[in-house]
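Reading the structure
Residue strings, one per chain:
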Amino acid sequence: MNVLMIAIDDMNNWVGCMGGQATTPNIDRLAGQGRLFSNAYCVVPACNPSRVALLSGLRPETTGQFGNEGDFRQRPGGDGIVVLPQHFRNNGYEAVAAGKIFHKPRGGGNNPEPASDPKSWDAQYKGKTGTGGHANYLNEDGFAKWHGGKFTDYLGKFGVWGPCPEPKEKTGDWMAADYIADYLKQDHRKPFFAACGIFRPHEPLLAPKEYFDRFPLDEIELPNVPDDDFGDIPEVAHENFSTPFFLDGVRPMGQWKKAVQAYLACMAFADDCVGHVLQALEESDYADNTIVVLWTDHGWQLGHKHRWEKFSLWKQGSNAPLIFASPDMAFKGKASDASVSFLDIYPTLVELCGLSKRPELEGNSLVPLLKNPSKDWNHPAIVTDTQRADRSVVYKHWNYIRYYNGDEELYDHSKDPDEFTNLANHPEYGAVKARLAAMLPTKEQFPDWRNHEEERERNKAMGKH
């Protein structure tokens, strides 16, 4: 079997097949042809550590890759990790990539960007990603015009939204998708592992104007963000770096609807890129012997709990689409609500393709759920925060969060999918909390355990803060 992997950056659970308000017909069609895992969670709600965990099959407690900083290959033991495309290459596959698969795409220079992990690939698309036009939305100091320099951090520069100047076919994301589409049309003597990375809807939220026209501003539905939602949430979770951006910028400065419109436009654009690749597969000689897996690296918040972007253990920041599709799949189109982790992708593909197993992998093969989506699943999805020793356990319909200082949250998604009611301090849920807390990873489970404190000290020694 060949593998076609489609990785989308920052796309949350608003896709149509998960009941969201976005227009994503191509992703929805793929879900109808395969298995959507609606209760799938990233390992870390940030780009770099999420992708490292997914592609290595190892938790950040093992690799030390907790945050967006750095290259996992430069960390102790990192150079010896056999990541997913490497394992396929070692088993006779040709591995090619376009766009962002690891934390960085290859880029357009003579030498590939090291953080694209060149050793994983036989070939990579040489070119740009995303869309152009970012500079059009910045003032002379390099920050978004709409806030007039009020915010001078990452969000102050990249928190912009609007149409880009290029037509769809001239954007980096479309050309990356076209590279993979063209690859699928070629004659291949070896089985292939082809990976297509689509950068939107990662900020800046720019897409061709035709996609904005699909979402009139007066029809935009804003997220439900109750002002009294914080009464039962521990103080340690009341805000992060993005909270002022939303509370003092996006919402009071009249940008909220514009930002949501742009996010939906970017989702629709990304979905068209997905459709371009899937159509090429369907028209190729490999439609009947190719497994497709589509994932996005984490969720995304647009004011949810006064947050912007990712970086939280709540559902909106950590839950993201995951779809497997193969020609011989049973119960096509029937979704699974089992609590699964992106750690499970690596061992699943290994089993589906009959490759030699790797005993060091820390996820679980999803093949039983691909055969029968109703099969009982007793594994949790564990999410680790990027900045502190905060973790959550998603098990079936529960989300249990424990912060580094011992504070807790508990949500029942069967009754409270938006996580408005924290049950952690309700005595009748003590047994549920205890059961979920026992699922948190421990040092005994991970012989090479690394924690955030060690990582901070290492970054400090390297001059990073």
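1. A look at the overall build of the chain
The helix and strand tally for the chain stands at 14 helices and 17 strands. Since a compact globule built from 465 residues should have a radius of gyration of about 23 Å, the 21 Å found for the chain is in line with a globular shape. When the backbone C-alpha atoms are referred to their principal axes, the chain occupies close to 60 × 55 × 50 Å. Taking all 465 residues of the chain together, the buried fraction comes to 61%. Across the chain, the fraction of contacts at a sequence separation of at least 24, relative to all contacts at a separation of at least 6, is 73%. Here the chain contributes 50 positively and 64 negatively charged side chains, and the mean placements of these two sets differ by 4 Å.

2. Thoughts on the nonpolar core
Within the largest apolar cluster, 71 residues are counted, with the highest numbers of intra-cluster contacts made by L4, I6, W161 and W308. For this core, the leading source of residues is helix α9 (residues 256-282), giving 18 residues. In terms of nonpolar packing, the next biggest core, distinct from the first, is built from 49 residues, F37, V44, L55 and Y93 among them.

3. Description of empty space enclosed by the protein
Per the stated rule, a full pass over the model turns up two cavities of 30 Å³ or more. In this model, the largest cavity occupies a volume close to 50 Å³. Together, N48, V52, G70, D71, F72, F102, H103, P114, A115 and D117 line the largest cavity. In the lining of the largest cavity, the residues fall into five nonpolar, three polar and two charged.

4. Structural notes on the sheet that holds strand β16 (residues 398-402)
The strands making up a sheet are joined through hydrogen bonds of the backbone, oriented either antiparallel or parallel. With antiparallel pairing, four strands are arranged side by side in an open sheet as β14-β15-β16-β17. Looking at which strands have only one partner, the edges of the open sheet turn out to be β14 (381-384) and β17 (408-412). Taken over all neighbouring pairs, the strand axes of this sheet differ in orientation by 15 degrees on average, direction set aside. Inspection of the sheet shows strand β15 (residues 391-395) paired to β16 by five bridges, in the antiparallel sense. For V393, the partnering residue across the bridge sits in β16 and is Y400. Strand contacts of helix α13 (residues 430-437): β15, β16 and β17, with the helix running at about 75 degrees to β16, the strand carrying the most contacts.

5. Thoughts on the sheet that holds strand β7 (residues 192-198)
As summarised here, the arrangement of the seven strands in space is β2-β12-β9-β1-β7-β4-β5, forming an open sheet in which the pairing is mixed. Each having just a single partner strand, β2 (35-36) and β5 (123-124) make up the two edges of the open sheet. For strand β1 (residues 2-8) and β7, the ladder comprises six bridges, and the chain directions are parallel. Directly across from M5, in β7, lies its bridge partner A195. Against the sheet, helix α1 (residues 25-33) contacts β1, β2, β9 (290-296) and β12 (322-325), and its axis sits at roughly 55 degrees relative to β12.

6. Quick notes on the state of the cysteines
Cysteine pairs can be covalently joined through their sulfur atoms, and such a bond is termed a disulfide. Counting across every chain of the model gives zero disulfides. With no disulfide of its own, C17 has C273 as its nearest cysteine by sulfur position, at a separation of 17 Å. Just so you know, C47 is unpaired, no disulfide at all, and the nearest cysteine sulfur is the one on C42, 10 Å from it. C47 gets classed as buried once you look at its relative accessible area, which sits at 2%.

7. Focus on helix α6 (residues 172-185)
Because each turn of an α-helix spans 3.6 residues, side chains separated by three or four positions in sequence point in the same direction. Here α6 is 14 residues long and its end C-alpha atoms lie 20 Å apart, about the 20 Å a rise of 1.5 Å per residue gives. Of all the positions in α6, only G172, D173, W174, A176, A177, I180, A181, Y183 and L184 are classed as buried.

Conventions used here
- Residues numbered from 1 in each chain as written.
- Predicted model: local features only at pLDDT ≥ 70, side-chain atom pairs only at ≥ 80, totals over all residues.
- Heavy atoms only, no water.
- Helix = DSSP H or I, 4+ residues; strand = E, 2+ residues; numbered from the N terminus.
- Rg over C-alpha atoms; globule rule 2.2 N^0.38 Å.
- Buried < 20%, exposed > 50% of the residue type's maximum accessible area, 1.4 Å probe, protein only.
- Contact = heavy atoms within 4.5 Å.
- Lys, Arg positive; Asp, Glu negative; His and termini not counted.
- Charge placed at Lys NZ, Arg CZ, Asp CG, Glu CD.
- Core = buried A, V, L, I, M, F, W, Y, C linked by side-chain atoms within 4.5 Å.
- 1 Å grid on protein atoms, 1.4 Å probe; cavity = no way out; pocket = protein on both sides within 12 Å on 5 of 7 lines; lining within 4 Å.
- Points joined across faces, edges and corners; volume = space filled by probe spheres on them.
- Nonpolar A, V, L, I, M, F, W, Y, C, P; charged D, E, K, R; others polar.
- Pairing = 2+ DSSP bridges.
- Axes fitted to C-alpha atoms, helices over the stretch in contact; angles between N-to-C directions.
- Disulfide = S-S within 2.5 Å.
- Expected span 1.5 Å × (residues − 1).

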